[in-house]
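If you want the building blocks of each chain, they are given just below.
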Amino acid sequence: THHLDDYGPERTAVREKESQVRRALAETYGAELVEVRKDWARYLDQHELGLADLLSDSIHHDAHGGELWGALQARHFAVQPADLDEW
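Predicted model only: the values in this text are computed from it and were never measured.

Visitor: Quick one: what's the story with the pattern of salt bridges, residue by residue and with numbers?
Guide: Going through the model one piece at a time under the given rule, you end up with 7 salt bridges. The residue Asp39 makes a salt bridge to Arg42 at a minimum N-O spacing of 2.4 Å. Placement of both Asp39 and Arg42 in helix α2 (residues 37-46) is noted, with a separation of 3 residues, approximately one turn of the helix. A relative accessible area of 14% means that Asp39 is categorised as buried. In this structure, the salt-bridge partner of Arg75 is Asp39, at a minimum N-O distance of 2.5 Å. Of this pair, Arg75 sits in the segment after α3 (63-74) while Asp39 sits in helix α2, placing them 36 residues apart in sequence. Salt bridges sharing common partners tie together Glu16, Arg23, Glu35 and Arg37.

Reading the values: rules and limits
Residues numbered from 1 in each chain as written. Predicted model: local features only at pLDDT ≥ 70, side-chain atom pairs only at ≥ 80, totals over all residues. Heavy atoms only, no water. Salt bridge = Lys/Arg side-chain N within 4 Å of Asp/Glu carboxyl O. Helix = DSSP H or I, 4+ residues; strand = E, 2+ residues; numbered from the N terminus. Buried < 20%, exposed > 50% of the residue type's maximum accessible area, 1.4 Å probe, protein only.

Following this line, the structure appears as structure tokens:
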């Protein structure tokens, strides 16, 4: 899903709808979903941060935001035990 940005309420509503479509598609097709949006918001709340604390402008991550984004993505990667030829 999308990370949070600071483009205002109209864009936030669009991004939330887009993220909800991704959630629904993942559920329908049994695909893994990287839930960034909800976890990004939870992180901000837990650390008493605002959107600007993780962004270099209205949408691009600063170093802290990039680390968070990477951590949220990385937990979905795993080493596959099978030999590549078996894929």
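Moving on, there is more to tell.
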